[in-house]
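Understanding the architecture of this molecule
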Amino acid sequence: MFRKTRTALQKLRHLRFHGQQQHTWRPKSSSAQEKASRFRPEQKIHGFTVREVSAVPDLFLTAVKLTHDRTGAQYLHAAKDDSNNLFSVQFRTTPMDSTGVPHILEHTVLCGSEKYPCRDPFFNMLNRSLSTFMNAFTANDFTMYPFSTQNGKDFQNLLSVYLNAVFFPCLREQDFRQEGWRLENANPTDPSTPLVFKGVVFNEMKGVFSDNERVFAQHLQNKLYPDHTYSVVSGGEPLAILDLSWEQLRQFHATHYHPSNARFFTYGDLPLEQHLQQIEEEALSKFGNISPNTEIPPQPRWSSPREDHVTCCPDALAPDPARQNTLCVSYLLGDVTDSFEAFTLSLLSSLMISGPNAPFYKTLIEPKIGTDFSSVVGYTDGTKEASFSVGLQGLAEDDTERVKRIISETIDDIIERGFEAERIEALLHSIEIQIKHQSSNFGLALASYIGSLWNQDGDPVELLQINQRVSKLRRALKENPRFLQDKVKFYFKENPHRLTLSMSPDQNYLEKQIQAEKEKLQTKVGALSETDRKEIYDRGLELLAAQSETGDASCLPTLKVSDIQPTIAGDAVQLGSAGGVPVQFCEQPTNGLVYFRAVSSLNTLPEDLQLYVPLFCSVITKMGGGDLDYRQQAQQMELRTGDMSASWHIVADPAHLDKYEQGVVLSSSCLERNLPHMFQLWSDVFDSPHFEDEERLRVLVMMSAQELANGIAPSGHSYAMLRAQRHLIPCGELVEKFGGMEQVKFMKQIAETTDLSRVTRTLAQIKKHVLNPDGMRCAVNATPQKMSDAAAQLESFMKDATKNKREWKPVNPNISQRPLDPLDVHGPTAKLVYDPQFQPWEMKTFFQMPFAVNFISERIRAVPFCHQDFASLCVLGKMMSAKFLHREIREKGGAYGGGALVRDGLFTFFSYRDPNSDQTLSAFRRSIDWAKSGQFSQQDIDEAKLSVFSAVDHPVSPANKGLTRFLSGVTDEMKQQHRERLFAVNHRSLVEAAERYLGLGQRTRGVAILGPENERFNKDPSWIVK
Ligand SMILES: [Zn+2]
């Protein structure tokens, strides 16, 4: 995988820690923190020396810093009473070319190692473990390998595999050719077929750069830091990848994947000594010390600003085709290891950019010169020295000069006027909330939060002391009221190291790329002798043979099905009511936060308004309400709540595929002390949202449309899935309307409409249906101490809201009532709709897109969650993915990913960034034949079960406990029954399920593909081409 590092505040948003399992939040007698605090500096443990032991009260953890005596490897342990333990090791990887060497290395070290020489131990371990996370990332200047699990034995197993992979990989030439690149006959078994380029990373990066936002971000970084490692593409530039040799890959491993260049991080409640012992014994004891020389020098500063221009592919779905230019000014800031300066600058960046009260929002977004900020905006710290960027996308070419002028004027204006005290307060409040909010993968969030700074030799423990920085900032602001303005002057106004980068579409962009690849191919192929060609053919066959082997993975450690907990803990919710509206209460250790959700039915909404629901959701909390205009409202939301938002909600009944609930989910959170304020803000939204503000609406419409258009390339498989299910279940049509390609096209139309008055009237109409207590139910998660208070506040809010109550008739008269409490059939219900006439039908749709790769999905109507065959289908999906589809679609086909799963009662095949289409559709078919033939072992079944359970048992944060029950009607009893059925799945039930549901002609299926122009679909009348 390859990623860009998140910006600091974004990362902070993910920095939430995981609460404990039921009832374990009471202080334990000897907690993990306490035990860790007993280590002493200079203490020696298993080849390591303790350097520092620090309490981090903000995050309820104890940090222990160590170094490895012989190799100099650095180690940080964060002890916390969280059973979701995490390990990660990161290496500083600083490529000096764009061949993608660190990225291809990241892939190939996972392909087999000395102790685990089997093919693909990484993918095999996914099925032999109960991991809650396993992955690897290539960032700009480091490569990280993290995993997490709640099981101690599993932790040791995974640690052993990870250590062996990174320090003792096989790095076979064949692995390099499979994961990196190779020349091969289009059909490897037919030497007369033309030679083409193949390889997983090669295709992955072609996919990455199908995304214009990524193209721009990459150029911006490369050009702002032109003198060292940041001037190249660490993930690999597709054509440059073709210059990398296997020997260069091995060399890069030898110099970069050494303990002296490594940073280890562990997190959770497992004992540190045990980790250190295993790491020393299995890896570090076999190494000496080297000088890796991977430090990154500071970027030499420019004496005058620079400008540059790049081109991109035209976007067929851009809200306004005539406005597709991007312009952005990027400033080089200070070293990220100065954590207080970095904190100040990221806060300053939010003040300048985020939300309707920010100066750049007012001067750039609201005049509607572009559709949205440029893809890179604000503070970015994935580099040694941070940067700040501001600009617009969706610009007309004529407006670029104007944007430059506005940026410079806005900076002058900020220096002169500064920021309101209340805005600074609101931002500091949001930091408080972010620290208190708990996520289910806190260890991973920590690893990601400290990764970049630690990589530059900054102090990761200091970085965790967030409240210290907040206090320091408060002092600085008190001592010097112009503190922030002075920073703006220094870093922006007077900083000559700034780049103005523009990007415009080029009609021939894609063609030029294809041409360049063709030329590269011709050069390489032209230089081949007959012997070379023969060798390529032979090696293609060899690789194919290796890929086709079932492979013996018995060298790998594994958990057993008997290691899985037989029963679930249960969510323990209570049902009550407030102002006549049913409420689900869930007491949780929420760390002083209250979470509120409401589902509101769409049963009464006329059909012709349906397409507007997603827009309604995205603007309803952003238009202003009551006495507050949208700016004041945004300020109050930031000052008083974690967030307030709405989203559409369509969920099939767990017991019936053809019944579904349609609605809107409202959600928000706040500190306990702000409960009355939060409900007041909701009241304002309910009573009088300011839809009449057309100017505001236009800004939001453009941003939504742009966001949708930008979202297709990174998540094309989701769009393919939604389209494929369209005619298989009664809610398919509506889901496509709300979240599929139909919605993307609809929003493009709205963005092109000059008169929005009809839209504002429609939104006001939708409001009457949605913000109506008549079809509503609520859920509150709070601490036991605060629950009664929260209930009273909700009661008074709901009483107030009853003035909006209206009793409309449902549009569809076929309503089925599902009791919220299954034991109380006369109690409150969720009202589901169904269509007695519904008949599923087959459809195949192809969307021609300006992409270099395909996204494919085929879906088959199967059974709902409560059906007895559902468990077999889940296991079947995992097994077919791991044992068949992975090999065919990724290894042989060169797609970035692909597999099968069960979602919404549909058996679902998919592929992601896939160079093929027919070949993949055929792999789907063949996987079914394989399943029906029953050629799999008990070990295969057990592995698939482990993999299903690791998803089923994924930790749930206190904020989200009880939520599946609230939103989908899945009760603890249903979950337990599903669990027992999973345990009972056997060879026979799998073969039967494959025969009954997946065989051709058994069940209705749908197919959808998003991909580049394809003659085959144009000619075949069974395909609808869009
Ligand atoms: Zn990758």
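Relevant structure appears above.
The paragraphs below set out a description of the structure included in this document.

Reading guide: rules and limits
- Residues numbered from 1 in each chain as written.
- Predicted model: local features only at pLDDT ≥ 70, side-chain atom pairs only at ≥ 80, totals over all residues.
- Heavy atoms only, no water.
- Helix = DSSP H or I, 4+ residues; strand = E, 2+ residues; numbered from the N terminus.
- Rg over C-alpha atoms; globule rule 2.2 N^0.38 Å.
- Buried < 20%, exposed > 50% of the residue type's maximum accessible area, 1.4 Å probe, protein only.
- Contact = heavy atoms within 4.5 Å.
- Areas by Shrake-Rupley, 256 points an atom, 1.4 Å probe, with all protein chains shown as cover.
- Lys, Arg positive; Asp, Glu negative; His and termini not counted.
- Charge placed at Lys NZ, Arg CZ, Asp CG, Glu CD.
- Axes fitted to C-alpha atoms, helices over the stretch in contact; angles between N-to-C directions.
- Parallel < 35°, antiparallel > 145°, perpendicular 65-115°, else oblique.
- Left-handed = near helix turned anticlockwise from the far one by under 90°.
- Nonpolar A, V, L, I, M, F, W, Y, C, P; charged D, E, K, R; others polar.
- Expected span 1.5 Å × (residues − 1).
- Disulfide = S-S within 2.5 Å.
- Phe/Tyr/Trp six-rings, centres within 6.5 Å; stacked < 30°, edge-to-face > 60°.
- Lys NZ or Arg CZ within 6 Å of the ring centre and 35° of its normal.
- Pairing = 2+ DSSP bridges.
- Salt bridge = Lys/Arg side-chain N within 4 Å of Asp/Glu carboxyl O.
- Polar contact = N/O pair within 3.5 Å; in protein donor to acceptor, adjacent residues only side chain to side chain.

1. Looking at the overall build of the protein chain
A count of helical and extended segments in the protein chain gives 37 helices and 33 strands. Computed over the C-alpha atoms, the radius of gyration of the protein chain is 28 Å, within 12% of the 31 Å expected from 2.2 N^0.38 for a compact globule of 1026 residues. For the protein chain, the proportion of its 1026 residues judged to be buried stands at 62%. Pairs at least 24 residues apart make up 81% of the contacts formed inside the protein chain by residues separated by at least 6 positions. Surface accessibility of the protein chain: about 38,200 Å² in total, with carbon and sulfur atoms responsible for 49%. Once the 113 positive and 125 negative side-chain charges of the protein chain are each reduced to a mean point, those two points are 2 Å apart.

2. Let's talk about the packing of helix H23 (residues 630-640) against helix H24 (residues 675-687)
Here H23 crosses H24 at 155 degrees, and the two axes come no closer than 10 Å. As far as their axial angle goes, H24 and H23 are roughly antiparallel. Handedness of the crossing formed by H23 with H24: left-handed. Along its contact with H23, which presents Gln633, Gln636, Met637 and Arg640, the element H24 presents His677, Leu681 and Val685. Here the contact of H23 with H24 is composed, by residue class, of three nonpolar, three polar and one charged.

3. Things to note about helix H8 (residues 212-224)
The first and last C-alpha atoms of H8 sit 18 Å apart over 13 residues, in line with the 18 Å expected at 1.5 Å per residue. The set of residues buried in H8 consists of Asn212, Arg214, Val215, Phe216, Ala217, Gln218, Leu220, Gln221, Asn222 and Leu224. Contacts made by the buried residues of H8 are with helix H7 (200-208), strand S12 (306-312), strand S13 (325-335), strand S16 (385-395), strand S17 (498-505) and helix H20 (509-526).

4. Comments concerning the state of the cysteines
Within the structure shown, the criterion is met by zero disulfides. Free of any disulfide, cysteine 313 has its nearest cysteine sulfur in cysteine 312, 7.1 Å distant. Left unpaired, cysteine 874 is separated from the closest cysteine sulfur, that of cysteine 866, by 12 Å.

5. Notes on the packing of aromatic side chains
A full pass over the atoms with the stated rule returns 44 aromatic pairs. Between phenylalanine 147 and tyrosine 162, the ring centres sit 4.9 Å apart and the planes meet at 65 degrees, which makes this aromatic pair edge-to-face. Here tyrosine 162 lies in helix H5 (residues 152-167) and phenylalanine 147 lies in strand S8 (residues 142-149), a separation of 15 residues in the sequence. Taken individually, phenylalanine 147 and tyrosine 162 each receive the classification buried, so the pair is uniform in this respect. The ring of tryptophan 246 is capped by arginine 250, whose NZ or CZ atom sits 4.5 Å from the centre of that ring. Sitting over the ring of phenylalanine 340, lysine 472 keeps its end group 4.4 Å from the ring centre.

6. Examining the sheet that holds strand S29 (residues 854-861)
Strand order in the open sheet formed by six strands is S30-S31-S29-S32-S28-S33, with mixed pairing between adjacent strands. Lying at the two open borders of the sheet, with one neighbouring strand each, are strand S30 (897-903) and strand S33 (1023-1025). Within the sheet, the average angular offset between the axes of one strand and its neighbour, ignoring direction, is 15 degrees. Judged from the seven bridges that link them, S29 and strand S31 (residues 906-914) form a sheet pairing that is antiparallel. Its bridge partner lying in S31, arginine 859 is registered against threonine 908. Sitting on the sheet, helix H31 (residues 870-892) touches S30 and S31, and the angle it makes with S30 is about 175 degrees.

7. Regarding unusual backbone geometry
For asparagine 293, which is not a glycine, the phi torsion comes out positive at approximately 50 degrees. Structurally, the position occupied by asparagine 293 is in the loop between helix H11 (272-282) and S12. The exposure class of asparagine 293 is exposed, given its relative accessible area of 63%. For lysine 368, which is not glycine, the phi dihedral falls at a positive 60 degrees.

8. Here's the deal with the environment of alanine 578
Mapping alanine 578 onto the fold places it in strand S18 (residues 574-578). Distance from alanine 578 to arginine 777, taken between C-alpha atoms, is 9.3 Å for residues 199 residues apart in sequence. Ignoring sequence-local partners within four residues, the contact set of alanine 578 consists of Val583, Leu794, Glu795 and Met798.

9. Topic: the pattern of salt bridges
Counting across every chain of the model gives 62 salt bridges. Here glutamate 401 makes a salt bridge to lysine 404, at a shortest N to O gap of 2.9 Å. Here the residue glutamate 401 and the residue lysine 404 both occupy positions in helix H14 (residues 400-417), the gap between them amounting to three residues, near one helical turn. For glutamate 888, the salt bridge goes to lysine 892, with nearest N and O atoms at 2.9 Å. Of the two residues, glutamate 888 and lysine 892 are both situated in helix H31; the distance of four residues between them amounts to about one turn of the helix. Residue classification places lysine 892 among the buried positions, given a relative accessible area of 18%. Through salt bridges with shared partners, a single ionic network connects Arg92, Arg263, Glu295 and Asp457.

10. Overview of the side chain of serine 439
Residue placement: serine 439 occurs in the loop between helix H15 (421-436) and helix H16 (442-455). The exposure class of serine 439 is buried, given its relative accessible area of 12%. A distance of 3.1 Å separates polar atoms of two side chains, one belonging to serine 439 and the other to asparagine 441.

11. A word on the pairing of strand S4 (residues 74-79)
Here S4 lies mainly inside the structure; five of its six residues are buried. With six bridges connecting them, strand S3 (residues 61-68) and S4 associate as antiparallel partners. Following the sheet pairing, valine 64 is matched in S4 by histidine 77. Hairpin connection between S3 and S4: a loop of five residues separates the two successive antiparallel strands, and glycine 72 in this loop has a positive phi of roughly 80 degrees. As defined by bridge partners, S4 adjoins strand S11 (residues 262-268) across six bridges and the pair is classed as parallel.

12. Focus on H23
In an α-helix, one turn spans 3.6 residues, which is why side chains three or four residues apart end up on the same side. Looking at H23, one finds that the buried residues are Tyr630, Gln633, Gln635, Met637 and Leu639. Tucked inside the fold, the buried residues of H23 contact H15, strand S21 (624-625), strand S22 (628-629), strand S23 (643-652), H24 and helix H25 (694-711). At the N-terminal end of H23, a side-chain oxygen is found 3.0 Å from the backbone nitrogen of arginine 631, two or three residues along, and the residue is aspartate 629.

13. Re the packing of helix H12 (residues 339-353) against H15
Where H12 contacts H15, the two axes come as close as 10 Å, and the packing angle between them is 120 degrees. When the axis of H12 is compared with that of H15, the two are oblique. H15 is crossed by H12, and the crossing has right-handed handedness. Packed against H12, whose contacting residues are Phe343, Leu347, Ser350 and Leu351, the element H15 presents Arg423, Ile424, Leu427, Leu428 and Ile431 at the interface.

14. A few points about the environment of leucine 559
Structurally, the position occupied by leucine 559 is in the loop between helix H21 (530-548) and S18. Taking C-alpha positions, leucine 559 is 7.6 Å from leucine 130, a pair spaced 429 residues apart along the chain. Setting aside its immediate chain neighbours within four residues, leucine 559 contacts Arg128, Ser129, Leu130, Asn151, Lys153, Asp154, Asn157 and Leu946.

15. Overview of the environment of isoleucine 369
With respect to the element layout, isoleucine 369 can be found in the loop between helix H13 (359-365) and strand S14 (372-373). With a relative accessible area of 2%, isoleucine 369 lands in the buried category. Between the C-alpha atom of isoleucine 369 and that of alanine 959, which follows or precedes it by 590 residues, the distance is 39 Å. Every residue in contact with isoleucine 369, bar those within four places of it in the chain, is listed here: Arg323, Thr363, Leu364, Leu392, Gly394, Leu395, Asp399, Arg402, Val403 and Ile406.

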